[in-house]
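Architecture and fold: a report
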Amino acid sequence: MQRALSVSRMTGNLSTFPDWYQAIVREADLAEVSPTRGAMIIKPWGYGVWERIQQTLDRRIKETGHENCYFPLFIPLSFFAKEAQHVEGFAKEMAVVTHHRLKSVDGKLVPDPDARLEEPLVVRPTSETIIGDAFSRWIKSHRDLPVLINQWANVVRWEMRTRLFLRTSEFLWQEGHTAHATAEEGREETLKMLEVYREFSETVLAMPVVAGEKPENERFPGADKTYSIEAMMQDGKALQAGTSHDLGTHFAEAQNIRFQNSAGELVHCHTTSWGVSTRLIGGVIMTHGDDDGLRLPPAIAPRQVVIVPMLRDKPEDAEVLVAGEALVKALGQVTALGEPVRALLDTKAQKSAEKRWNWVRRGAPVIIELGPRDVAGGTISFMRRDRLRDGDKVASQSMSREDFLAGLPALLAEIQQGLYDEAKARLEANIRTDIATFDDMAAFFGAAAADEEEATAFRGWVRAPWARPTGDELEAIEQKLKALRLTLRNAPMDQPAIFGPCLFTGRPGVEEILIGRAY
RNA sequence: CGGAGUGUGGCUCAGUCUGGUAGAGCACCGCGUUCGGGACGCGGGGGUCGCAGGUUCAAAUCCUGCCACUCCGACCA
């Protein structure tokens with residue numbers, strides 16, 4: 001069987017998975033590496049996916065009472081000195097601006113030594129510090145609370161090794177920042193946004209996740225509690241797809257965010273922050289992609305229906321194009337998944353066969369081939385990207401134009417749901433809950449695997465009770481897991497009533513935790 | 001920063017050991033025949049062979065230095 005991609009994601013072992021991922025990013029026209037180290041160029045189709053993510057998530061952020069705003073890209077260096085854990089967490093990956101002018105020296109452009117900034121500026125790795133500073137001025141009274149804001153922005157983290165969408169030195173995200181009067185309100189906000197992310201990921205991205213609390217060692221620098229949604233990729237690895245942090249009063253104390261309560265006392269706010277990034281696109285690729293390329297859930301597909309006109313440099317071409325334009329218009333009148341259908345007539349001067357496969361690779365959910373016979377007969381011939389093939393053949397179907405238009409909302413909803421169900425089944429089938437000892441777990445993850453093929457085979461995750469150790473004991477466990485290339489992912493929100501013994505210590509368990517390999 | 005590897009047209013790579021006019025497939029351009037399941041024929045454009053030195057009549061090829069990238073580790077939401 002011919003594949004659209006030159007690389008298969010599943011060839012017995014998963015050593016080709018990274019190649020497959022890169023092939024999709026390139027061949028689905030999503031992004032490319034840029035001349036700037038570690039940063040990516042997001043191409044129109046990839047950016048279109050991001051815009052869909054923005055639109056659908058932004059609506060949810062606003063529906064939960066938040067407002068958008070914008071803070072500066074540059075943050076004075078001194079702002080980071082205020083919260084010790086925070087600076088320790090980010091110090092090693094900050095881009096710093098030290099000069100404001102270039103100078104030509106011996107024909108080479110260099111920063112002008114006379115133009116050194118009094119105080120260096122950090123390109124934001126996240127905005128808690130500068131937003132907290134604003135909060136300290138905005139908030140005086142309990143009547144000012146809560147403050148609920150969000151910003152869509154780019155941030156920079158100077159990572160050692162980068163991968164398109166998954167870890168880049170610059171990435172796009174949204175970061176929500178809120179301030180509350182009480183610990184209880186802060187906790188509620190943190191969990192509310194975690195739930196927004198879970199619902200968004202599952203219904204819009206069709207990407208099932210496990211929402212839970214991160215263990216102490218994986219917390220955001222300066223947070224009381226960090227929660228995450230974790231998605232399982234097709235190689236069995238975990239992708240942290242979104243985080244929500246209960247910052248307690250750490251940042252409020254460091255930045256003097258205080259208010260007078262109704263009793264007249266001056267007290268610290270409780271703050272939160274939460275974010276998702278362009279990494280989600282990487283998650284979508286590794287959740288839904290197949291050997292023919294990307295498969296986009298209709299909710300985030302920039303174009304849900306693409307019409308490829310069958311043109312042959314003959315007089316009837318004009319009729320086909322007219323019919324195609326009319327069809328785009330008619331599709332725009334159809335409402336699916338709560339919005340007008342996004343359709344495109346691909347008039348690019350390219351062979352139709354080529355265009356068709358380009359849209360297959362890009363993951364357009366429904367691809368219509370519109371030829372003279374369809375125009376004459378009033379029919380629509382189309383293929384579903386989620387069920388592209390029937391054996392070796394491309395599975396194409398045909399129906400009347402009326403039936404197609406009437407059935408399209410249900411079709412797009414079915415594709416959306418089908419992609420979710422497929423991923424959900426994979427997630428559920430690959431969380432082992434029957435592993436009771438560390439050695440059994442090590443064996444399961446192929447610690448003793450003789451060859452590379454066995455060592456890189458699909459594993460999934462282990463979910464097991466643990467005693468929630470802390471400090472040095474947790475550190476030791478982390479190191480032990482690291483030797484197996486494993487990490488603690490999160491303690492899922494849905495916990496049973498009783499627990500077996502701790503996988504690591506043998507003591508009575510207090511909750512269940514997920515363990516797996518991660519991106 | 002440690003270990004390994006790779007730098008040759010847009011992409012994937014051959015050629016390097018054994019120095020002798022820079023190649024293939026795909027992609028791209030033109031013409032023709034095709035076109036509703038990834039077409040074919042003929043013609044064509046495009047590369048200072050990562051960079052800088054050196055050896056030589058002659059360097060992609062040999063020598064020296066440097067740089068970049070990839071993978072593994074370290075690091076990392």
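The rules we used
- Residues numbered from 1 in each chain as written.
- Chains lettered and ligands numbered in written order.
- Predicted model: local features only at pLDDT ≥ 70, side-chain atom pairs only at ≥ 80, totals over all residues.
- Heavy atoms only, no water.
- Buried < 20%, exposed > 50% of the residue type's maximum accessible area, 1.4 Å probe, protein only.
- Helix = DSSP H or I, 4+ residues; strand = E, 2+ residues; numbered from the N terminus.
- Pairing = 2+ DSSP bridges.
- Disulfide = S-S within 2.5 Å.
- Salt bridge = Lys/Arg side-chain N within 4 Å of Asp/Glu carboxyl O.
- Core = buried A, V, L, I, M, F, W, Y, C linked by side-chain atoms within 4.5 Å.
- Domains from an automatic or database assignment.
- Contact = heavy atoms within 4.5 Å.
- Axes fitted to C-alpha atoms, helices over the stretch in contact; angles between N-to-C directions.
- Phe/Tyr/Trp six-rings, centres within 6.5 Å; stacked < 30°, edge-to-face > 60°.
- Lys NZ or Arg CZ within 6 Å of the ring centre and 35° of its normal.

**Concerning the pairing of strand β13 (residues 238-246)**
Buried residues dominate β13, accounting for eight of its nine residues. The pairing of strand β12 (residues 225-232) with β13 spans eight bridges and is antiparallel. In the sheet register, lysine 225 faces β13, and the bridge partner there is aspartate 246. Counting the residues in the hairpin turn of β12 and β13 gives five residues, including glycine 236, whose phi is positive at 85 degrees. As paired strands, β13 and strand β16 (residues 270-277) are joined by four bridges and run antiparallel to one another. In the strand pairing of β16, serine 244 is matched with tryptophan 274.

**Some points on the state of the cysteines**
Think of a disulfide as a covalent bridge from one cysteine sulfur atom to another cysteine sulfur atom. A complete count under the given rule lists zero disulfides for this structure. Free cysteine cysteine 69: the closest other cysteine sulfur is in cysteine 269, separated by 16 Å. On the accessibility criterion, cysteine 69 (26% relative accessible area) is partly exposed. Note on cysteine 269: relative accessible area 0%, which makes it buried.

**Here's the deal with the pairing of strand β22 (residues 379-384)**
Burial within β22 is extensive, with five of its six residues counted as buried. For strand β21 (residues 366-370) and β22, the ladder comprises four bridges, and the chain directions are antiparallel. When the sheet's bridge partners are listed, glutamate 369 is paired in β22 with serine 381.

**Points about the pattern of salt bridges**
Per the stated rule, a full pass over the model turns up 30 salt bridges. The partner of aspartate 290 in a salt bridge is arginine 295, and the shortest N-O contact between them spans 4.0 Å. Grouping residues by exposure puts aspartate 290 and arginine 295 together as buried. Ionic pairing is found between glutamate 422 and arginine 295, a salt bridge with its closest N-O pair at 2.8 Å. Linking glutamate 422 in helix α11 (residues 401-429) with arginine 295 in the loop between α7 (279-288) and β17 (305-309), this pair joins segments that are 127 residues apart in sequence. Take glutamate 422: its relative accessible area is 39%, and that puts it in the partly exposed class. Overlapping salt bridges, with partners in common, bring together Asp290, Arg295, Arg385 and Glu422 in one network.

**Some words on the nonpolar core**
Most often, soluble globular proteins keep nonpolar side chains buried together rather than apart. Ranked by size, the top nonpolar core spans 57 residues in total, and within it Ile53, Phe165, Leu205 and Ile285 carry the most contacts. In terms of residue count, helix α2 (residues 44-63) provides more of this core than any other element does, six residues in total. A domain-level breakdown of this core finds at least three residues from each of domain 1 (17-94 + 122-288) and domain 2 (305-428). Each residue touching phenylalanine 165, except ones within four places of it in the same chain, is listed here: Tyr21, Val25, Leu30, Ala31, Met40, Thr278, Arg279, Ile281, Gly282 and Ile285. Within the second largest apolar cluster, 26 residues are counted, among which are Ala343, Val366, Ile380 and Leu419.

**A look at the environment of leucine 57**
Mapped onto the elements of the fold, leucine 57 is located in helix α2. Sequence spacing of leucine 57 and serine 244 is 187 residues, and the spatial spacing of their C-alpha atoms is 15 Å. Here leucine 57 is in contact with Trp152, Gln174, Val196, Tyr197, Phe200 and Val276, once residues within four sequence places are set aside.

**Digging into the sheet that holds strand β4 (residues 74-76)**
Across the sheet, three strands lie side by side as β4-β8-β5; this open sheet has antiparallel pairing. Two strands lie at the open edges of the sheet, namely β4 and β5 (96-99), each paired on one side alone. Direction aside, the axes of adjacent strands within the sheet are offset by 40 degrees on average. Pairing of β4 with strand β8 (residues 116-123), which is carried by three bridges, proceeds in the antiparallel orientation. When the bridges of β8 are listed, proline 76 appears paired with leucine 121.

**Observations concerning unusual backbone geometry**
Omega for the bond connecting leucine 145 with proline 146 falls within 30 degrees of zero, at -5 degrees, which places this linkage in the cis form. Its identity as a non-glycine residue notwithstanding, aspartate 313 has a phi of 55 degrees, on the positive side. Among the secondary structure elements, aspartate 313 is positioned in the loop between β17 and α8 (316-332). Owing to a relative accessible area of 79%, aspartate 313 belongs among the exposed residues under this scheme.

**Structural notes on the packing of aromatic side chains**
Any pair of aromatic rings gets described here by the distance separating the centres and the angle formed by the planes. Enumeration according to the criterion identifies 11 aromatic pairs in this entry. By the ring-pair criterion, three or more aromatic residues cluster together here, those being Phe71, Phe135 and Trp138. A cation sits over an aromatic face here: lysine 82 above phenylalanine 79, 4.4 Å from the ring centre.

**Overview of the sheet that holds strand β11 (residues 209-213)**
The eight strands are arranged β3-β9-β10-β16-β13-β12-β11-β29 in an open sheet whose pairing can be described as mixed. Two strands close off the open sheet at either side, each with one partner strand: β3 (67-68) and β29 (491-492). Relative to strand β9 (residues 147-156), helix α4 (residues 128-138) is tilted by about 155 degrees, and along the sheet it contacts β9, β10 (170-180) and β16. Along the sheet, α7 contacts β12, β13 and β16; its crossing angle with β13, the most-contacted strand, is approximately 145 degrees.

**Examining helix α1 (residues 17-27)**
Of the residues making up α1, those classed as buried are Phe17, Trp20, Tyr21, Ala23, Ile24 and Val25. Check the buried side of α1 and you find it contacts β1 (31-33) and α7. After α1 finishes, the residue aspartate 29 shows a positive phi value of roughly 65 degrees.

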